[in-house]
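Descriptive structure summary
These are the residues of each chain, in order.
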Amino acid sequence: MRGAVSRTRERALAVVRRLRAAGHEALFAGGCVRDELLGLDPDDYDIATSAPASVVQEIFPRTIPVGLQFGVVLVLHEGESFEVATFRRDGAYVDHRRPVSVEFSDARHDAERRDFTVNGMFLDPETGQVIDFVGGRADLAAGVIRAIGDPQARFDEDRLRLLRAVRFAARFGWGIDPTTFAAITRLAPTITGIAWERIGDEVVKILTEGSARRGFELLEDCGLLQVLLPEIAALRGVAQSPDHHPEGDVLTHTLLCLEKLEVGRHDEALALAVLLHDVVKPACAEQRPDGRITFHGHCERGAPIAADICLRLRRSRDTADRVAWLVAHHLRHVDAPRMRIATLKRFLGQPGIDQLLELTRIDALSASGDLAAYEFCVAKRAELLAEEPLPEPLLRGTDLIELGHRPGPLFREILDRAFDAQLEGEITTVEAARSWLRERHPAPDRGAPA
Ligand code: ATP
Ligand code: MG
């Protein structure tokens, strides 16, 4: 919302003014400057200042010291928070992740420690003047991601920048400067030297911030895909039957699917499921005598592998489970038109069905384009479940026990059958359910007199 965002900007400006009134330099810095120059609403406003962190803490009544050793303080102002960081230059890096020491410095050095030229600018919010020590404006106009300084050295300092370069290039539809790109390609095999949490967060951002297809094409081009997700890289060249997949091999199909991900509409779990839905196809490929290629069992077999990959990317167990479920069921809807009404109600009444149908829509659109089974499911779901969600089962385990059954493997099966009968309309009351049970599944005769 434009209005809400400009209120955020006004509050950030108030923070800058208060720092200036106390005699310090203060500027908008980094991503928010880039976004404003692009005409986009920044997600957040970061402020760079000559004031030391201790002074920032004194000036503002409410602050959180989020990184004092780096001079970073979170200032809370009118219900919003702003990162205020002292100008600094970074010392040598350890672990290809963070500097051993920082030295508080001036705006020029603070620009030079940042990753890419377009992320290295400052803005004076009172005058509108852009302060650009690193050539960010020219690169922004040309649409180029370029490392500040020597690319190889900068990527070696912090390997996460390899992925950030790809993410920004994809998000804005820009190119990567050739020298910067060559350094990314050279260093790609070393990306795993940093924590998988950070890698996973970046990969998910590439998947969910828009232009995921371009992001993954860039990851493949520079070799990061092969290192981070070799299972996806291996989909390149895996042939499919042209009748179902006129688009080409499995990676081509997967990239077309990624192209259909929309910001805000598709969450992390769905995006990961889209990426991973065919991950096990290479191992399942079989050529039949008539020349057609089948991938029998790739949904079920793909599910645990997809979950493992999510866990490797340090996603939560819940996300991994949801992704596995989506992968396991991504072709189930094809049988929907032939399902008994109870099976269909049960299928369409599952909690994750919206996401599953969304995955099937994206999958079909990226292949033959045949949406008949998807549309059938959407229509049936509206018809069967719109006003009437899946009911509570009339027959429960306790009824079975009461009527003389012993808990065991048959239990679930009997309860499922009873629920089916209920969904078909055959059973409508608890009493009817109990009679159905006595009739169809009489309890084993335990108490008969001798
Ligand atoms: P986004 O819109 O994704 O938030 P951003 O550019 O604001 O993009 P942040 O991670 O919020 O990215 O970081 C804010 C600024 O801090 C960046 O614009 C950049 O100047 C600097 N920065 C962030 N991460 C790094 C890094 N790993 N190495 C160097 N500079 C970085
Ligand atoms: Mg940011």
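Residues numbered from 1 in each chain as written. Chains lettered and ligands numbered in written order. Predicted model: local features only at pLDDT ≥ 70, side-chain atom pairs only at ≥ 80, totals over all residues. Heavy atoms only, no water.

**Some points on the overall build of the chain**
Looking only at helices and strands, the chain features 23 helices and 15 strands. The C-alpha atoms of the chain give 29 Å as radius of gyration, which overshoots the globular expectation for 450 residues (22 Å, by more than 25%). Along the three orthogonal principal directions, the C-alpha set of the chain runs to about 100 × 60 × 40 Å. Counting every position in the chain, which comprises 450 residues, the buried fraction comes to 48%. (Helix = DSSP H or I, 4+ residues; strand = E, 2+ residues; numbered from the N terminus. Rg over C-alpha atoms; globule rule 2.2 N^0.38 Å. Buried < 20%, exposed > 50% of the residue type's maximum accessible area, 1.4 Å probe, protein only.)

**A few points about helix α16 (residues 298-312)**
With 15 residues, α16 should cover 21 Å at 1.5 Å per step; its first-to-last C-alpha distance of 20 Å lies within 8% of that length. Buried within α16 we find His298, Cys299, Gly302, Ala303, Ala306, Ala307, Ile309 and Cys310. Of the surrounding elements, those touching the buried residues of α16 are α12 (230-233), α14 (268-276), α15 (281-284) and α17 (317-328). Positioned one or two residues after α16, Arg314 has a phi angle of 60°, which is positive. (Expected span 1.5 Å × (residues − 1). Contact = heavy atoms within 4.5 Å.)

**Considerations on the layout of surface pockets**
In this structure, the largest pocket occupies an estimated 1,500 Å³ of space. Looking at the largest pocket, it is lined by 43 residues, and the ones nearest its centre are Asp46, Glu83, Arg113, Arg114 and Arg164. Broken down by element, the residue count for the lining of the largest pocket peaks at 6 residues, all from helix α7 (residues 160-172). Per-class residue counts for the lining of the largest pocket are 14 nonpolar, 5 polar and 24 charged. Here the second largest pocket defines a volume of roughly 1,000 Å³. Together, 36 residues line the second largest pocket, and His244, His245, His298, Leu331 and Val334 are the ones closest to its centre. Of all the elements in the fold, those that place two or more residues in the lining of the second largest pocket are β15 (293-294), α16, α19 (353-365) and α20 (372-385). When the residues that make up the lining of the second largest pocket are grouped by side-chain class, the tally is 12 nonpolar, 15 polar and 9 charged. (1 Å grid on protein atoms, 1.4 Å probe; cavity = no way out; pocket = protein on both sides within 12 Å on 5 of 7 lines; lining within 4 Å. Points joined across faces, edges and corners; volume = space filled by probe spheres on them. Nonpolar A, V, L, I, M, F, W, Y, C, P; charged D, E, K, R; others polar.)

**Focus: the site of ligand 1**
As a structural note, the neighbourhood of ligand 1 is formed by 14 residues, with Arg34, Asn119, Arg161, Arg167 and Arg171 the closest of them. Within the backbone of Asn119, an N or O atom sits 2.8 Å from an oxygen atom of ligand 1. Arg161 has a polar side-chain atom sitting 2.7 Å from a nitrogen atom of ligand 1. Surface burial for ligand 1 is 79%, taken as the share of its 580 Å² of free accessible area covered by protein chains. A majority-of-atoms criterion places ligand 1 in the largest pocket. Taken together, the elements giving at least two residues each to the shell around ligand 1 come down to α2 (31-37) and α7. If one sorts the elements of the shell around ligand 1 by residue count, α7 sits on top with 5 residues. Residues of the shell around ligand 1, tallied by class, amount to 1 nonpolar, 3 polar and 10 charged. (Near = heavy atom within 4 Å. Polar contact = N/O pair within 3.5 Å; in protein donor to acceptor, adjacent residues only side chain to side chain. Areas by Shrake-Rupley, 256 points an atom, 1.4 Å probe, with all protein chains shown as cover. Sits in = over half its atoms within 2 Å of the grid points.)

**What about the domain arrangement of the chain?**
Its domain assignment divides the chain into domain 1 (1-142), domain 2 (272-336 + 350-386) and domain 3 (397-440). Here domain 1 and domain 2 have C-alpha centroids that lie 44 Å from each other. (Domains from an automatic or database assignment.)

**Overview of the packing of α7 against helix α10 (residues 212-222)**
The geometry of α7 relative to α10 is characterised by a closest axis approach of 8 Å and an angle of 140° between their N-to-C directions. Classified by the interaxial angle, the pair formed by α7 and α10 is oblique. Crossing angle aside, the handedness with which α7 passes α10 is right-handed. Facing α7, whose interface residues are Leu163, Val166, Ala169 and Ala170, α10 presents Arg214, Gly215, Leu218, Leu219 and Cys222. For the contact of α7 with α10, the residue count by class is 7 nonpolar, 1 polar and 1 charged. (Axes fitted to C-alpha atoms, helices over the stretch in contact; angles between N-to-C directions. Parallel < 35°, antiparallel > 145°, perpendicular 65-115°, else oblique. Left-handed = near helix turned anticlockwise from the far one by under 90°.)

**What about the environment of Leu272?**
By the element assignment, Leu272 lies in helix α14. Once residues lying within four places of it in the same chain are set aside, the contact partners of Leu272 are Leu207, Cys310, Leu313, Arg315, Thr319 and Val323.

**Some details on the side chain of Arg113**
Mapped onto the elements, Arg113 comes out in the loop between α4 (107-112) and β10 (122-123). With residues up to four places along the chain from it excluded, the contact list for Arg113 reads Arg88, Asp90, Arg154 and Arg161.

**Let's talk about the side chain of Asp278**
Tracing the sequence through the fold places Asp278 in the loop between α14 and α15. Not counting residues up to four positions away in its chain, the partners in contact with Asp278 are Leu235, Val250, His253, His298 and His330.

**Points about the sheet that holds strand β1 (residues 26-29)**
In space, the 7 strands of this open sheet follow the order β3-β4-β5-β2-β1-β10-β11, with mixed pairing throughout. Every interior strand has two partners, whereas the edge strands, β3 (63-67) and β11 (130-131), have only one. Across 4 bridges, strand β2 (residues 46-49) lies against strand β5 (residues 80-86) in parallel orientation. By the bridge assignment, Ala48 is partnered in β5 with Ala85. (Pairing = 2+ DSSP bridges.)

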